[in-house]
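Letter by letter, the chains look like this.
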2 protein chains.
Amino acid sequence: MRPQDIIAIKRDGGELSDELIGKFVDGVCDKSWADYQISALVMAMFIRGLSTREGETLVREMLNSGEILDFSEIAMPKADKHSTGGVGDKTSLIIAPLVASCGVAVPMVSGRGLGHTGGTLDKLESIPGYNVRLSTSEFHAIVGKCGFAMTGQTAEIAPADKKLYALRDATATVPYIPLIVASIMSKKLAEGLDVLVLDVKTGSGAFMESEKDAAELARAMVATGERFNVKTQAVISDMSQPLGKYVGNAVEVYECIKILRNEIEPAAEPTWELSLELSARMLVLADVESDLDSARQLCVSKIKSGEALERFCRNIECQSGDPTVCDDPDKLLDPNITTISIKAGKEGVVTAVDTLAIGNAVSEIGGGRVKADETIDHAVGFASDIKIGDRIDAGGELGRLYVRNEEQASSVSPRFVSAYSVDACLDIKRPDLIRNVIG
Amino acid sequence: MRPQDIIAIKRDGGELSDELIGKFVDGVCDKSWADYQISALVMAMFIRGLSTREGETLVREMLNSGEILDFSEIAMPKADKHSTGGVGDKTSLIIAPLVASCGVAVPMVSGRGLGHTGGTLDKLESIPGYNVRLSTSEFHAIVGKCGFAMTGQTAEIAPADKKLYALRDATATVPYIPLIVASIMSKKLAEGLDVLVLDVKTGSGAFMESEKDAAELARAMVATGERFNVKTQAVISDMSQPLGKYVGNAVEVYECIKILRNEIEPAAEPTWELSLELSARMLVLADVESDLDSARQLCVSKIKSGEALERFCRNIECQSGDPTVCDDPDKLLDPNITTISIKAGKEGVVTAVDTLAIGNAVSEIGGGRVKADETIDHAVGFASDIKIGDRIDAGGELGRLYVRNEEQASSVSPRFVSAYSVDACLDIKRPDLIRNVIG
């Protein structure tokens, strides 16, 4: 059957057999399908829809299009977390060493930032020397040695996804749940996991803005994980404001090391709260702890004892980075960076934050990228202690901008100011960080 | 607005503004849209649909993407016909000289055959030396001198269509009426016509098999022509069996010259019947004759007087061909060709003809092409006097195959035999050649 005959079936609203979905994914990988044929079929899938069976087959074929890692040489349970992306979303850097210190291996394959969202790999690269391009054997060796390793997607893992994602991004076919599920799950299932905890964001800085859409995506991913025999749970978490204090790359690593060093008061710290929630769920699903409370207690003890920090330090050493950043996180902050205070224009209570605008503004000054091949400036960023529900005076500090020069500051400062809605409103509900748990 | 933002509007079922359709067509022509973006939008158009306004704008933008010919230096009315394609469909070669001899200029831009259908350019090239690649100035000069000229689509005429058609062919987005209309009409309207008569085929050898679909396409094209101030009419004609006697290239030109020479009895000859119908309608729309009957009489007189033949002869000379084929049409038949008789397997009445199969079989022995860049063998073909409703004996001749060798004959002969359904049925209705007229 020619590509156009397969396309015609979905064009007319038909269901594609497992064999035909296999032919499509093969054609993507071996280049026997032209890009314009792939994008035509993907558009037809987007509009006509994919059945549960078609979606599941797509995941399986995309997964099987590449290498599936096998960590059976490691006796510990294997777990990972995946976030759908947000602003200031840095929990991987805390969760991986923390969960590893609790006896669960974390073979984490991460991505780079795109658009308003940061990426774990970019953040890690702000640690001098840190190598995120591990070979499969290095990846295995470091997971064995440190309990976790963090690397980028190799060409061997779900190669169909790499091609499909690039085409979807250019053809307005990203926001369709079965395609999102296939993209995320084909990569995550290739990690050879026992446990997967998903952090599905909702709010002004998330891809799925509405909680309803986020929950639908979460349910689809959990169902897929379960069908592939991976214990899967999803946490719907708030992205109506940046997570934690810092947004950027080096500054986010700085925040994580401060938390791992137990130098930030956990009670008022969303980065820690969410990291703890996700870590504890990973430990329970991995049968390391029988309930969430004891899992949380174990995590807290690993922070207090310094074991989680020690894991991170050991990992940095294994991945060729400078481990002294763990002893002196200020080393991560570039002395050539200028700090500019962003002031509120009027008095009142912060009622909403345009998180997307903050992410885009940080991206624009070099902290992120618009196109996949752009380089980024790890040192720039933004920090704020102000959260929705906080009261601020006119002229009070909304946050601080980390910039290369005054010119950068003056070009984006107004966007940070206007990202914060300040109103005379007296009683605004602070958004819950954890909205829902699915699975 | 980026291509993906425009694609997203149609993906979600929205209407595209004139400006955005213009951006799309510009992007196709200046290559700022990637092929995969074009095909994604075209698929979204196919599934979500185009409104009448969107379709009209698409025609206008595609038309304006290239050169629009201006024959105002010629005082005569300008008319053309266009056929949606079929098997043995050779009327252009009769209509152009005939209508020109009646005082209407015919600046005909034609295409090549693809799949089961033949193309006027391929047929003309079986006349030794005939040049179908005229420059714009040559095209003008020959229309001026002979009243008609026949050339291929230049890169300057509706360039967006060339790119779009190739992509549609490879992505299963051909059979959608507004896209078909845009493709045909953007080319035909570029000819600077006063009158356009469309021959929309229906039946087993047509692109639009059902009469209902053919009528819908006809209505859409007529409405478009009228909106662009071209007097337009469509004839729905039968393609449930090959038109006339011959299928091929040289053999079809042979048939046409025999008709122009008045050597074929017109009464029983569908090629002549359809050519006469289309020609007469062109003359009436062009106000050369006031009614169809007098227009038909004028056409018949131009055949009988030899004026139509003389026009064709003059045109062949102008387009560098050998005009002596008009005096001796047998010159067109290659002496190296073997003629093989195709016999009926059983006695009965021909109840149906698989015209698509006949077209494909002729194509397969070299008479047509599967891909646009293939060369063809002008000499091969098929001839049959047998029409639906005719009675045949077992072993009686269904037709004659014109082949290069016995091997070709034995490989395709069975397909010609089985293309004819022969049944004991006594009373089968012969299909009407002219089914309907729209406009």
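Coordinates for the structure precede this section.
Residues numbered from 1 in each chain as written. Chains lettered and ligands numbered in written order. Predicted model: local features only at pLDDT ≥ 70, side-chain atom pairs only at ≥ 80, totals over all residues. Heavy atoms only, no water.

## Brief notes about the side chain of Thr57 of chain A
All names here are of chain A. Rule in force here: Numbering goes from the N terminus for both helices and strands, where a helix is a DSSP run of H or I of at least four residues and a strand is a run of E of at least two. Here's how the labels work: a residue is buried when its accessible area is under 20% of the maximum for its type, exposed when over 50%, partly exposed in between, all with a 1.4 Å probe on protein chains only. Contact between two residues is taken to exist if any of their heavy atoms lie within 4.5 Å; hydrogens are not considered.
Within the fold, Thr57 resides in helix α4 (residues 52–64). On the basis of relative accessible area, Thr57 is assigned to the buried category, the value being 4%. Excluding residues that lie within four positions of it along the chain, Thr57 makes contacts with Asp18 and Ile21.

## Observations concerning the environment of Asp12 of chain B
In this fold, Asp12 of chain B is placed in the loop between α1 (3–11) and α2 (18–29). For Asp12 of chain B and Met62 of chain B, which are 50 residues apart along the polypeptide, the C-alpha to C-alpha distance reads 24 Å.

## Here we look at the packing of aromatic side chains
Residues and elements named next belong to chain A. This is how it is decided: For Phe, Tyr and Trp, where Trp contributes only its six-membered ring, two rings pair if their centres lie within 6.5 Å, and the inter-plane angle classes them as stacked under 30 degrees, edge-to-face over 60, or tilted in between.
Applying the stated rule across the entire model yields 14 aromatic pairs over all chains. Pairing Phe24 with Trp33 gives two aromatic rings, centres 5.2 Å apart and planes at 65 degrees, and the pair type is edge-to-face. Neither residue differs from the other here; Phe24 and Trp33 are each classed as buried. Here the aromatic rings of Tyr246 and Tyr254 are separated by 5.7 Å at their centres, their planes lie at 80 degrees, and the arrangement is edge-to-face. Classification of Tyr246 by relative accessible area gives buried; the value is 8%. You can call Tyr254 buried: its relative accessible area is 11%. Put simply, the rings of Tyr246, Tyr254 and Tyr402 pair up and form one aromatic cluster.

## Describing helix α13 (residues 292–304) of chain A
All names here are of chain A. Heads up, the rule is: Expected span of a helix: the number of residues minus one, times 1.5 Å. Arc, as used here, means the arc of the directions from the helix axis to the C-beta atoms. Polar contacts, as used here, are pairs of N or O atoms within 3.5 Å; protein pairs need one atom able to donate a hydrogen and one able to accept it. Residues neighboring in sequence count only if both atoms are side-chain atoms.
The end-to-end C-alpha distance of α13, which contains 13 residues, comes to 18 Å, matching closely the 18 Å that a straight helix rising 1.5 Å per residue would cover. Within the sequence span of α13, burial applies to Ala295, Leu298, Cys299, Lys302 and Ile303. Viewed end-on, α13 has its buried residues packed into an arc of 140 degrees, placing them on one side of the element. Opposite the buried face of α13, by more than 90 degrees, sit the exposed residues Gln297 and Lys304. Along its buried surface, α13 packs onto α5 (92–101), α11 (250–260), α12 (270–285) and α14 (307–318). Here α13 starts with a cap whose side-chain oxygen sits 3.1 Å from the backbone nitrogen of Asp293, and that cap is Asp291. After α13 finishes, the residue Gly306 shows a positive phi value of roughly 85 degrees.

## Digging into the relation of the copies chain A and chain B
One copy of the chain maps onto the other through a rotation about an axis plus a displacement along that axis. In plain terms, the rule: The least-squares superposition of copies is restricted to C-alpha atoms, and to residues with a pLDDT of at least 70 in both copies.
Relative to chain B, chain A is turned by 179 degrees and slid 0.1 Å along the rotation axis, the superposed coordinates differing by an RMSD of 0.1 Å. Here the two chains are linked by the operation of a two-fold rotation axis. Considering only C-alpha atoms, the residue of chain A closest to the rotation axis is Tyr36 of chain A, which sits at 1.9 Å. Most of the interface of chain A is mirrored in chain B, where 100% of its interface residues again form contacts.

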